[in-house]
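# Structural characterization, general
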Amino acid sequence: MRRVLLHLGFHKTGTTAAQSFLYENRELIWPHFALMLPYKTRKLGLSNAATRHSIYGTLGTLSDFSTQLRDYLATRNFGTRRGLILSEENFSGLRPSRNIDQGYAAAPDLAACVVDAIRDRFAGQEVDITIYLSLRQRGSWLRSLWAHDLERTREVQDFEAFRANMDHLPSLEDTVEDIRKKLPSVSVTEDWLEEMQLRRFGSGTPFADFLNLPREKAGQLVPPTKINTRLPEDVLAELLNLNRSRLDEAALTRQKADIIEQAKNAMAGTT
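The structure contained in this document is the topic of the report that follows. (Residues numbered from 1 in each chain as written. Predicted model: local features only at pLDDT ≥ 70, side-chain atom pairs only at ≥ 80, totals over all residues. Heavy atoms only, no water.)

### Some thoughts on the overall build of the protein
Applied cut-off: Strands are runs of DSSP state E lasting at least 2 residues, helices are runs of H or I lasting at least 4, and numbering of each runs from the N terminus. A radius of gyration in this sense is built from C-alpha atoms; the matching globule rule multiplies 2.2 Å by the number of residues raised to 0.38. Each residue is assigned to one of three classes by its accessible area relative to the maximum for its type, calculated with a 1.4 Å probe on protein chains only: buried under 20%, partly exposed between the two thresholds, exposed over 50%. Two residues qualify as a contact provided that any one of their heavy atoms is within 4.5 Å of a heavy atom in the partner residue. Using a 1.4 Å probe, accessible areas were evaluated by the Shrake-Rupley method; residue-level cover was limited to the displayed protein chains. Charge assignment in this entry is limited to Lys and Arg as positive and Asp and Glu as negative, and neither His nor the chain termini are counted. Every charge is mapped to an atom, namely NZ of Lys, CZ of Arg, CG of Asp or CD of Glu.
In terms of helices and strands, the protein carries 14 helices and five strands. The C-alpha atoms of the protein give 19 Å as radius of gyration, which agrees with the globular expectation for 271 residues (18 Å, within 12%). Within the protein, the fraction of its 271 residues that count as buried is 50%. Looking at the protein alone, contacts between residues at least 24 apart form 78% of all its contacts between residues at least 6 apart. Summed over all atoms, the accessible surface of the protein reaches about 13,600 Å², with 48% contributed by carbon and sulfur. Each charge sign in the protein was given a centre, from 36 positive and 35 negative side chains, and these centres are 5 Å apart.

Structural data, given as structure tokens:
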């Protein structure tokens, strides 16, 4: 039986660390599972196709995502036994702070599209598919989204205004339940970032468990080295002030990059 694990989000729930775990352990994983990670999905435009559907929500945008995904899967050689592990948070849609009207409303349809593409790729074979969603407590999740937008966009709202603007969106748990209802024949699991951070492999733990490697190989797995850390509050305040300034985009980008680099160096204990 081929085993497939689809990690479809959500944003700012430890996905960078999860993907770091998969990449850094790729030599142990590849004999058993093909990997599909953001470097490939974004380079090929699959991620953009998914987020575009989450914005427009038409049959055409969903069909476009499906076609691109199926075309890509057709090029992959899975041999006679290898399964697949996919990790791409954009396959649940554009991050909600950039898609405030829709949030993750398209996530169930996108998940169903991915499952259908996998089943077609392995038509006539026995395939066990699991969808995995990583979760985070709402307050911490919203603050992480806000901090991300302060860094990457010209976000001008303070956190309280940002949070109020996001209040209407369903919880991550509700979105998981919507995916379960959409795909009753598929196992849908979830783990909380706050709990995973206490485990040996952090956000990589669900993948380590899923791999079910022999003890000797499992002992060679390494924790993720790439983990997003939240910037200090004074740095976030400085970024907010810069976003509210009259700097042109080039100057704003340059000054923010300098501030972020200095802050990260200080956090790492370097100069």
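### Some details on the packing of helix α7 (residues 138-152) against helix α13 (residues 233-243)
The line we're drawing: Angular values range over 0 to 180 degrees, each being the angle between N-to-C directions of two axes fitted as lines to C-alpha atoms, with helices fitted over their stretch in contact. Our angle categories are set so that under 35 degrees counts as roughly parallel, over 145 as roughly antiparallel, 65 to 115 as roughly perpendicular, and the remainder as oblique. Here a crossing is called left-handed whenever its near helix is offset anticlockwise from the far helix by less than a right angle, and right-handed whenever the offset is clockwise. All amino acids are sorted into three groups, where Ala, Val, Leu, Ile, Met, Phe, Trp, Tyr, Cys and Pro are nonpolar, Asp, Glu, Lys and Arg are charged, and the leftover types, Gly among them, are polar.
Between α7 and α13, whose axes approach to 9 Å, the crossing angle comes to 50 degrees. Between α7 and α13, the crossing angle belongs to the class labelled oblique. Regarding α7 and α13, the two cross each other, and that crossing is left-handed. Two secondary-structure elements touch here, α7 through Arg143, Trp146, Ala147, Leu150 and Glu151 and α13 through Glu233, Leu236, Leu239, Leu240 and Asn243. Of the residues assigned to the contact of α7 with α13, the class counts are six nonpolar, one polar and three charged.

### A few points about the packing of aromatic side chains
Note the threshold: Two rings from Phe, Tyr or Trp (for Trp, the six-membered ring) form a pair when their centres sit within 6.5 Å of each other. Planes less than 30 degrees apart are called stacked, planes more than 60 degrees apart edge-to-face, and all others tilted. For a Lys NZ or an Arg CZ to count as sitting over a ring, it must be within 6 Å of the ring centre and within 35 degrees of the ring normal.
Following the criterion strictly, the structure yields seven aromatic pairs and no others. Ring centres 5.7 Å apart and planes at 85 degrees place the aromatic pair tyrosine 132 and phenylalanine 207 in the edge-to-face group. Taken together, the residues span a long stretch of sequence, with tyrosine 132 in strand β4 (residues 127-135) and phenylalanine 207 in helix α11 (residues 205-211) at a distance of 75 residues. Since its relative accessible area comes to 3%, tyrosine 132 is described here as buried. Residue classification places phenylalanine 207 among the buried residues on the basis of a relative accessible area of 0%. Between the NZ or CZ atom of arginine 3 and the centre of the ring of phenylalanine 210, over which it lies, the distance is 4.0 Å. Taking NZ or CZ as reference, arginine 26 lies 3.9 Å from the ring centre of tyrosine 23, over its face.

### Some details on the nonpolar core
Side chains of nonpolar character tend, in soluble globular proteins, to be buried together. What counts is decided by this rule: Grouping buried Ala, Val, Leu, Ile, Met, Phe, Trp, Tyr and Cys residues that are joined through side-chain atoms within 4.5 Å yields what is termed a nonpolar core.
Within the largest apolar cluster, 60 residues are counted, with the highest numbers of intra-cluster contacts made by Leu6, Met36, Phe65, Leu73, Phe91, Ile118 and Ile131. No other element matches helix α6 (residues 107-121), which puts nine residues into this core. In this structure isoleucine 118 touches Val4, Leu6, Leu73, Leu84, Val127 and Ile129, once residues within four positions along its chain are discounted. Judged by nonpolar contacts, the second largest core, of 19 residues, contains Phe33, Leu37, Phe207 and Phe210.

### What to know about the sheet that holds strand β5 (residues 187-192)
Heads up, the rule is: Note on pairing: DSSP must find at least two bridges between two strands before they are called paired.
Strand order in the open sheet formed by five strands is β2-β3-β1-β4-β5, and the pairing between neighbours is parallel. The open sheet is flanked by β2 (33-36) and β5, the only strands paired with a single partner. Strand-to-strand twist in this sheet, taken as the mean axis angle between neighbours without regard to direction, amounts to 20 degrees. Of the strands in this sheet, β1 (2-7), β3 (83-87) and β4 touch α6, which is tilted by about 155 degrees from β4.

### A short note on the pattern of salt bridges
Here is the rule we go by: Within this document, salt bridges are pairs made up of a side-chain nitrogen of Lys or Arg and a carboxyl oxygen of Asp or Glu, the two lying within 4 Å of each other.
Counted according to the given criterion, the structure contains 16 salt bridges. We note a salt bridge from arginine 230 to glutamate 233, for which the minimum N-O separation is 2.8 Å. A relative accessible area of 37% means that glutamate 233 is categorised as partly exposed. Each of the salt bridges in this network shares a partner with another, and the network as a whole consists of Arg95, Arg98, Asp149 and Glu155.

### Points about the pairing of β1
Among the six residues in β1, five count as buried, and that is most of the element. Of the pairings in the sheet, the one linking β1 to β4 comprises six bridges and is parallel in character. Bridge pairing in β4 places arginine 2 opposite valine 127. One ladder, built from four bridges, connects β1 with β3; its direction is parallel.

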